[in-house]
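The primary structure of each chain is shown beneath.
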Amino acid sequence: MEGPSSRLSDTQGGPLSPAGRRASGGGAESDQAQDTKTHFRVCRFIMETGVKLGMRSVPVATACVLYHHFFERVSIRAYEPYLVAMSCVYLAGKVEEQHIRTRDIINVSHRYFNSGSAPLECDKEFWDLRDSVVQCELLILRQLNFHVSFEHPHKYLLHYLLSVKSLVNRHAWSRTPVAETSWALLRDCYHGSMCIRRTPQHIAIATLYLALNSYGVELPVGEKEWWQVLCEDVTKADIDAVISDLLQLYDMEAKCI
């Protein structure tokens, strides 16, 4: 699959080449750390591509989960990650019933690596790349045993936000962007594999917990903590673990700049 994807690889001197990624580590960094950085960058590519394609948040999240599950099963050195990402976007659109044309995915991806460039012409290289995206989609389906429907934290976070909002003074709520921050934190969780290692309810609770604490919003004290009322099986250790994973992703972001 690497051959037909050369149209994207060649446009930036080969940054999508697996060999190029290994060489960039310079031997000073472990393969695992370098792979984690690559996954972070590719997931950012998925998110930015999804926004430009007008995809909703859940289909974009599904594309990231598909990507993480795929490379949980195979080596990143065996397949071109950006080609896999493009196929994940294509497949996620089908799974979440927001179909995206392969031509649009290819052109947006091309513009991502070549800012201001014209759309690709429908020549042989374009059709080879399109075939690679479709073939890679089939490969992903086989690797995941056609299990491509996932439960996301989004519906839980929406429920938790509505519940917490009813407990907070409406003026205090309107002055602090707790909801916006919670959604932003949730989106950031998909940059790493924590989105497939942690349960959706725990991720939703942890992002809301972090947003509330960040703005110093206090909730009424009862017999139980508010997060125990909303999610009975979550513990403070679970919340701390999710927040720790998220902070590690932000540290990774700083290293990837």
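Residues numbered from 1 in each chain as written. Predicted model: local features only at pLDDT ≥ 70, side-chain atom pairs only at ≥ 80, totals over all residues. Heavy atoms only, no water.

### Things to note about the overall build of the protein
- Along the backbone of the protein there are 14 helices and zero strands.
- Beginning at the N terminus, the succession of helices and strands in the protein can be written as α-α-α-α-α-α-α-α-α-α-α-α-α-α.
- Every one of the 257 residues in the protein was classed for burial, and the buried ones make up 49%.
- Within the protein, residue pairs in contact and separated by at least 24 positions form 77% of the contacts whose partners lie at least 6 positions apart.
- Carbon and sulfur atoms make up 50% of the accessible area of the protein, which amounts to about 12,800 Å² in all. (Helix = DSSP H or I, 4+ residues; strand = E, 2+ residues; numbered from the N terminus. Buried < 20%, exposed > 50% of the residue type's maximum accessible area, 1.4 Å probe, protein only. Contact = heavy atoms within 4.5 Å. Areas by Shrake-Rupley, 256 points an atom, 1.4 Å probe, with all protein chains shown as cover.)

### What to know about the nonpolar core
- Formed by 80 residues in total, the largest nonpolar core has its most connected members in Tyr67, Leu208 and Trp226.
- With 10 residues, helix α5 (residues 81-95) is the single largest residue contributor to this core.
- If we ignore the near neighbours within four places in the chain, the residues touching Leu208 are Leu157, Tyr160, Leu161, Val164, Val178, Ser182 and Trp226. (Core = buried A, V, L, I, M, F, W, Y, C linked by side-chain atoms within 4.5 Å.)

### Structural notes on unusual backbone geometry
- Positive phi outside glycine occurs at Asn145, with the angle close to 55°.
- Within the element layout of this structure, Asn145 appears in the loop between α7 (124-143) and α8 (154-165).
- Notably, Phe146 is not glycine yet its phi reads approximately 65°, a positive angle.
- With respect to the element layout, Phe146 can be found in the loop between α7 and α8.

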